[in-house]
Amino acid sequence: NEHNVEIRRFKMLWAFSCLMEYVKYRGRGRHRPISIIIDELTELLDIGGTEDSPFEKELNSLVNVYARNCSLWLTICHQEAFQVRPYTYKTLMGMGTQILGATADMAAALQVAADMFCLDPHRLKALETVWGSQSRPDYVYDRVEGKDRLIMQPEPTPIDSRAVYYTLDEQSHMNA
């Protein structure tokens, strides 16, 4: 029920700091797992700052060191990829499992797609038919001479097929 944004943020950071102290004290090993759920990560981040905050560095060590070695089940939630700075974004993308929803920001969608999907320069879009002309014999009645005359009639004939590939930009937008 804390409505003052700064005090609420201070209390959440304090609780996070106490939790990290306990995890570090407990150390590595096959302990009973602790489930840590951070909902609305952006409430803990210093969005306006230009440098990585101490919380972001502690979050990085939580994700990349302690969660893997200290039996932590870590769930971190936020709304949009653009809400976090690149350092934190890379930390979050380093987690083992990602659950992603729809985004309203195309730049964020392209960034996530670039991180999650491999592009294939040989991804087939379509096979186009290459046409040629082949002459076939045909008889036409010549009224002047009063008899059938042999002519060679050109007929379009498929002679080959050509692969058309998706461009890398097309693949990025499809993935996004």
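Each remark here, short or long, concerns the structure printed above.
What you see is a predicted model, and the numbers here were worked out from it, not measured in a lab.

### Observations concerning the pairing of strand β1 (residues 34-38)
Step number 1: The alternating pattern of β1 places I34, I36 and I38 on a buried face and S35 and I37 on a face that is not buried.
Step number 2: Pairing of β1 with strand β2 (residues 72-76), which is carried by 5 bridges, proceeds in the parallel orientation. Across the sheet, the residue bridging to I38 is I76, located in β2.

### Overview of the packing of aromatic side chains
Step number 1: In this structure the tally under the stated criterion is 2 aromatic pairs.
Step number 2: With centroids separated by 5.8 Å and ring planes inclined at 50°, the aromatic side chains of F10 and W14 adopt a geometry described as tilted. Placement of the pair is F10 and W14 together in helix α1 (residues 5-26), with a separation of 4 residues, close to one helical turn. Here F10 and W14 have matching classes, each one exposed.
Step number 3: An angle of 65° between the planes, with centres 5.0 Å apart, marks the rings of F16 and F55 as edge-to-face.

### Here's the deal with the environment of Y139
Step number 1: With respect to the element layout, Y139 can be found in strand β3 (residues 124-142).
Step number 2: Along the backbone, Y139 and F82 are 57 residues apart, and their C-alpha atoms lie at a distance of 72 Å.

Definitions and limits used
- Along each chain, residues carry numbers from 1 onward, in the same order as the chain's sequence is written.
- Restriction of local features to residues with pLDDT of at least 70 applies here, the model being predicted, together with a cutoff of 80 or more for giving and counting side-chain atom pairs; totals for whole chains, interfaces and linings are based on all residues.
- Excluded from the side-chain calculations are hydrogens and water; all other atoms, namely the structure's heavy atoms, are used.
- Partly exposed residues are those whose accessible area sits between 20% and 50% of the maximum for their type, while under 20% is buried and over 50% is exposed, using a 1.4 Å probe and protein chains only.
- Helix numbers and strand numbers start at the N terminus; a helix is a DSSP run of H or I with at least 4 residues, a strand a run of E with at least 2.
- Pairing between strands requires that DSSP locate at least two bridges from one strand to the other.
- In this scheme Phe, Tyr and Trp rings, the latter by its six-membered ring, pair at centre separations within 6.5 Å, and the angle between planes marks the pair as stacked below 30 degrees, edge-to-face above 60, and tilted otherwise.

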